[in-house]
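Observations on the model geometry
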Amino acid sequence: MGEIDGNTVLAEALKAQGIEFVFGIIGYPVIELSMALQTADIHFIGMRNEQAACYAAQAIGYLTGTPGAVLVVSGPGLLHTFGGLANAQINCWPVLVIGGSAPQDHEGIGGFQECNQVELARPYCKYSARPGSISLIPLHVEKAVRLAKNGRPGAAYLDFPANMLSGKIDSSQIPPQYGPTEIPLIYPDPKKIEEAIRVLINAKRPLVIVGKGSAYGRAENEVNELISSTNLPFLATPMGKGVVPDTSDKCIQPARSLALLKADVILLLGARLNWILHFGRPNRYAPDVKVIQIDISPEELHNSVKSEVAIQSDIKPAVRQLVNGLKKANFVFSGKEEWWISLKTKCEDNIRGVEAMSKDEKLPLSYYPVFKNLYENLPENCIIVSEGANTMDIGRTMLLNKLPRHRLDAGTFGTMGVGLGFGIAAALYCRHYEPKKRVICVEGDSAFGFSGMEVETMARYKLPVIIVIVNNSGIYTGMDPEVFKDIQDSGDVTKVTHPGCLSSSTRYDNMMGLFGRKGYFVKTVPELKSAIREALEIQDGPTIINVIIDPTADRKPQTFTWLTESKL
C-alpha cells in the first residue's frame, strides 16, 4: 500500500468532509500542510493576519453552509484566532481552526511556541481536540466538521503536533473515511404549532421578528409566504435582513422602537432575545407581551424571558406548518387595524426625517447623504459587508437588502475588524457561485484599521471588492481638523488628544498605490457618484473609496439608547 504522512492524511480528510476553502498564514510546522491542501484540490488563501483569516473562514461557512477552515502556526498563531473563534461561536457560524503545535517530545521542556492549545481553545469552541495518532486524524476531522455544522453551528479546533504532521504510517492503517453526513432536520411538536397559531390569531398587535437563523436555515421561501399570506408586520435583525425584502410593504423597520414597545405578540424566527433585541424586557417591550419562539437550540428557549410558546425546530419546517395552519384557519391580519395604521404612520414620519437629512449635502458631509447616494449607485443585490459604530448602525437602515445572506456585519459579538475578512470570503463565494455579483465593504475608518492590510490579500487574489471608508477621523466621533492641528502643535498630544480621535482625514485611498492601483479621495456627493461608477468597472482587484465626513456627524436623535441599561 505504501507510506503516507500526516499532512496528506489531514488534507485528504478535510477534502472528504467537503472543505473547499482554507484561510491562514503558514510557518512552522504547517508549511508542508498548506501545500498538501492544494494537492488535495482545496483552495488555500494566504492572509495577513490570523484573526482576519478566521473571520473569512466563518463567513464562507455562513454563506455556503460548509465550514471554512483556518490554518495557523503554533502558539501566537493560534492565539491570534481567538477573536475569530469567539465571534463564530457566539455568532453561530461554522468554522474549523487547524493549529500546528510543538512536537510531542518537546512538550514540558520548553519547546518552540509550546502552548496548551487544546485547553486554551476549548472555551471558544463546540469541540477542541488533538488526535491521538495519524490513523485517528480522519475520525477527528469528521467529528469536528459535523459538530461545527449540526444543531446550532459554531467553532471547532483541532491540534496537530509537528511530529504527527511529518510522521508516516502505512496507508493500510487509515480506516475507511465516510464523507460529510446529512445535517439532521429538527421538526416541531405539532401541539406547539397549534398553540402558536391560537396565540397569533388572537393577537391585537402582532409582530414577526426575522433573525439570522432564518437566513442561515435557508427559510426565505417559507418566511416570505408567512408574511405575504397573513399580512403580518415584520422587522429583521441585522443579518436577518433580506430574508423578506427590506422593500416589502410589510416591513416596519423604520418604526422598530414603537413596534417592539407596543406589540402584544411577537413571533421570533431564529432570533435571540439578547442585547440586539434588548433582552425582550421592559422598558423596550410591553410587560405583558407574549413571545412565540422558534429556535434550533433548546438551551435558547425561555432565555431572558419566559416564552408563551417555545418551539425547538429548524425554521423551515416550523414556518411551513405555521403557514399551513394559518391558511386553514383563513387568518389574515387586517391592514385596517389600528396597529397597522400606527406602524405605517410612524414609518412615514421617520422616513421623511431621514430623507430630509439625506438631501443635506453641505460640506463636510454627514452619514446620511453618503449612504443615500451609495445605495442608489450600487448594483442591485450586491453583498454588503459593514462594520463600525455609526457607519454600521446607520448603514443598516439605509443600505437595503432584498435577498438573504447578503449582509455581513459585526453580528452578535459586536466584533470590529471583521470587515475585510468577511469581504474576502464574500468575493470568493461570488467568484465560485455567483460570478456577476459584487461585494461592497462599508467601513468606519477605525474599523478599517483593524485589518487594513488584507487589502493586499484582495489585490493578490484579484478580488474585486469595493471598500468604502466612511472617514470621520475617529472612533465614534473625530475632531475638527483645525483643532486637531492645534493640538498636534501644542506638545504632548497623549495628554490632550481625545481618546477616540484618529489622524484627521487620513488618505487611506493612497494605499491602493502600493499595488499600482487607483484609490478615490471623496469629499462631495458628485465625487462619490463618480468614484462608485469607476470602481464598479474594476474587475480584477479591490479599490478604496475614502469618503471624508464631518467629524461630529452622528445618528438622528434616538428615543432609546442603543444598549438597554440594566435596572437591577
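Here, the structure is the one placed above.
Residues numbered from 1 in each chain as written. Predicted model: local features only at pLDDT ≥ 70, side-chain atom pairs only at ≥ 80, totals over all residues. Heavy atoms only, no water.

**Some points on the environment of valine 522**
Within the secondary structure, valine 522 sits in strand 18 (residues 520-522). A relative accessible area of 1% means that valine 522 is categorised as buried. Separated by 177 residues in the primary sequence, valine 522 and threonine 345 have C-alpha atoms spaced 36 Å apart. Residues contacting valine 522, with those up to four places away along its chain left out, are Glu527, Leu528, Ala531, Ile545, Asn546, Val547 and Ile548. (Helix = DSSP H or I, 4+ residues; strand = E, 2+ residues; numbered from the N terminus. Buried < 20%, exposed > 50% of the residue type's maximum accessible area, 1.4 Å probe, protein only. Contact = heavy atoms within 4.5 Å.)

**What about the nonpolar core?**
Counting residues in each nonpolar core, the largest one holds 112 residues, and the members touching the most others are Phe23, Val223, Leu408 and Ile467. No other element matches the 10 residues that helix 3 (residues 50-64) contributes to this core. Of all hydrophobic cores here, the second largest spans 34 residues; its members include Leu10, Ile19, Leu37 and Ala40. (Core = buried A, V, L, I, M, F, W, Y, C linked by side-chain atoms within 4.5 Å.)

**Structural notes on the pattern of salt bridges**
According to the stated counting rule, one finds 24 salt bridges in the structure shown. Here glutamate 376 and lysine 372 are joined by a salt bridge, their closest N and O atoms 3.2 Å apart. One end of the pair, glutamate 376, and the other, lysine 372, are both in helix 15 (residues 367-377), 4 residues apart, so they sit about a helical turn from each other. Note on lysine 372: relative accessible area 27%, which makes it partly exposed. A salt bridge links glutamate 380 to lysine 402, with the nearest nitrogen and oxygen atoms 2.9 Å apart. With glutamate 380 in the loop between helix 15 and strand 14 (383-387) and lysine 402 in the loop between helix 16 (390-398) and strand 15 (407-409), this residue pair connects regions lying 22 residues apart in the sequence. Judged by relative accessible area, which is 29%, lysine 402 ranks as partly exposed. (Salt bridge = Lys/Arg side-chain N within 4 Å of Asp/Glu carboxyl O.)

**Details of the pairing of strand 19 (residues 543-548)**
A regular strand places its side chains on the two faces of the sheet in alternate fashion. A large share of strand 19 lies buried, amounting to 6 of its 6 residues. Side-chain alternation along strand 19 places Thr543, Ile545 and Val547 on one buried face and Ile544, Asn546 and Ile548 on a second face that is also buried. Direction of pairing for strand 17 (residues 465-471) relative to strand 19: parallel, over a ladder of 6 bridges. Bridged to asparagine 471 within strand 19 is isoleucine 548. The sheet contact formed by strand 18 and strand 19 spans 3 bridges and is parallel. By the bridge assignment for strand 19, tyrosine 520 is matched with isoleucine 545. Since strand 18 and strand 19 lie parallel, the crossover through helix 22 (residues 525-536) that links them has a hand, and here it is right-handed. (Pairing = 2+ DSSP bridges. Right-handed = clockwise from strand over helix to strand, strands pointing away.)

**Quick notes on unusual backbone geometry**
In this model, proline 282 is joined to asparagine 283 through a cis peptide bond whose omega is 15 degrees. The step from leucine 363 to proline 364 runs through a cis peptide bond, and the omega angle for that step is -10 degrees. In this structure, histidine 278 takes a positive phi of about 60 degrees despite not being glycine. With respect to the helices, strands and loops of the structure, histidine 278 is situated in the loop between strand 11 (265-269) and strand 12 (290-295). In this structure histidine 278 comes out as buried when scored by relative accessible area, which is 3%.

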